[in-house]
Amino acid sequence: MRERIYLTLAAALLLAGWGCAAAVPQPEAAHPADLVVTMLERHLGQLNANVDRLDKQLADLQKVPETQDPTLREIRALDLSGWQVHQQQLKVQREHFRFALEQLRQVQAHPDNKARLLEQWTRHEQEYERALDDLRQQRHQLEQQRHKVEAQVVERYLR
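Being a predicted model, the structure only gives us computed values, none of them experimental. Each chain has its residues counted from 1, running along the sequence as written. Owing to the predicted nature of the model, reporting of local features is limited to residues with pLDDT of at least 70; listing and counting of side-chain atom pairs is limited to 80 or more, with chain, interface and lining totals taken over all residues. Each side-chain value is derived from all of the structure's non-hydrogen atoms; neither hydrogens nor water enter the calculation.

Here we look at the overall build of the chain
The secondary structure listing takes helices from DSSP runs of H or I that are at least 4 residues long and strands from runs of E that are at least 2 residues long, numbered from the N terminus. The secondary structure content of the chain amounts to four helices and zero strands. Ordered by position from the N terminus, the helices and strands of the chain form the series α-α-α-α. Only protein chains enter the accessibility calculation, which uses a 1.4 Å probe. A residue is then buried if its area is under 20% of the maximum for its type, exposed if over 50%, and partly exposed in between. In the chain, which comprises 159 residues, the proportion classed as buried is 23%. In what follows, a contact means two residues having at least one pair of non-hydrogen atoms within 4.5 Å. When contacts within the chain are restricted to residue pairs at least 6 apart in sequence, those whose partners lie at least 24 apart make up 78%. When the accessible surface of the chain is split by element, carbon and sulfur atoms take 57% of a total near 12,000 Å². Calculation of accessible area relied on Shrake-Rupley with a 1.4 Å probe; when residues are assessed, cover is drawn exclusively from the protein chains displayed.

Some thoughts on helix α3 (residues 70-109)
With 40 residues, α3 should reach 58 Å at 1.5 Å per residue; the first-to-last C-alpha distance of 58 Å fits that figure. Its side-chain oxygen 2.8 Å from the backbone nitrogen of T71, D69 forms the N-cap of α3. One fewer than the residue count of a helix, multiplied by 1.5 Å, yields its expected span. Identification of polar contacts relies on pairs of N or O atoms within 3.5 Å, with a donor-acceptor requirement for protein atoms, meaning one able to donate a hydrogen and the other able to accept it, and with residues adjacent in sequence counted only if both atoms are side-chain atoms.

Overview of the packing of aromatic side chains
Any Phe, Tyr or Trp ring, taking Trp's six-membered ring, that has another such ring centre within 6.5 Å forms a pair; planes under 30 degrees apart are called stacked, those over 60 apart edge-to-face, and the others tilted. According to the stated counting rule, one finds one aromatic pair in the structure shown. With 6.1 Å between their ring centres and 15° between their planes, F99 and W121 make a pair best called stacked. Residue F99 is located in helix α3, and its partner W121 is located in helix α4 (residues 114-158); the two are separated by 22 residues in the primary sequence.

Focus: α4
The end-to-end C-alpha distance of α4, which contains 45 residues, comes to 64 Å, matching closely the 66 Å that a straight helix rising 1.5 Å per residue would cover. Regarding α4, the residues found buried are L117, H124, Y128, L132, L135, L142, R146, V149 and V153.

Concerning the environment of D69
Within the element layout of this structure, D69 appears in the loop between α2 (32-63) and α3. Relative accessible area serves as the criterion here: at 15%, D69 is assigned to the buried category. Residue contacts for D69: discarding those within four places in its chain leaves R156 and Y157. Within the structure, D69 has its side chain in polar contact with the side chain of R156 (distance 2.5 Å).

What to know about the packing of α3 against α4
Packing of α3 against α4 leaves a shortest axis separation of 9 Å and a crossing angle of 165°. One finds that α3 runs roughly antiparallel with respect to α4. The way α3 lies across α4 gives a crossing that is left-handed. Interaxial angle, 0 to 180 degrees, is taken between N-to-C directions of lines fitted to C-alpha atoms, where a helix line uses only the stretch in contact. Put simply, angles under 35 degrees are roughly parallel, angles over 145 are roughly antiparallel, angles from 65 to 115 are roughly perpendicular, and the rest are oblique. Handedness of a helix crossing follows the sense of rotation of the near helix relative to the far helix, less than a right angle counterclockwise being left-handed and clockwise being right-handed.

Comments concerning the pattern of salt bridges
Only one rule defines a salt bridge in this text: a Lys or Arg side-chain nitrogen within 4 Å of an Asp or Glu carboxyl oxygen. In total, this model carries ten salt bridges according to the counting rule given. Across the pair R76 and E66 runs a salt bridge whose closest N-O atoms are separated by 2.7 Å. On the criterion of sequence distance, the pair formed by R76 in helix α3 and E66 in the loop between α2 and α3 is long-range, its members being ten residues apart. Ionic pairing is found between R139 and E143, a salt bridge with its closest N-O pair at 3.8 Å. Note that R139 and E143 are positioned in helix α4 at a spacing of four residues, about one turn of the helix. Using a relative accessible area of 39% as the deciding quantity, one classes E143 as partly exposed. Ionic contacts of the salt-bridge type, sharing partners, join the residues D79, R146 and E150 into one network.

If you want it as structure tokens, here you go:
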């Protein structure tokens, strides 16, 4: 008898728990494009903040008084050029994210235009990669040159 009561009670609790779980509506799964849009918007905000911060750093660097030493002037010029190229990289990335967001919004609003939008995206992606590669190469060359000049300064003081 006691077994039956426990069994009945367990079954009632199980059914009540199942009924409560079924009564709670499950959150709707977000569309993958919506998740990408959210991610891109977040990254776009971060890029905007980074560009603003870099604008201030460049302005501060340009305020540094000139020195008579030509080697130190060269280092400063290389630093400035390097930061300007970095700024261009961030701006290219920012424009890329803006374009990606617009493409996703366009495809959501006009799904029948997918083929045209994909063609635009493919062209843009190729141009974006070329631009980034070019900027990376410029930055790498500036960094190499800066290291050479910096080594000259150190060697001059060690002699």
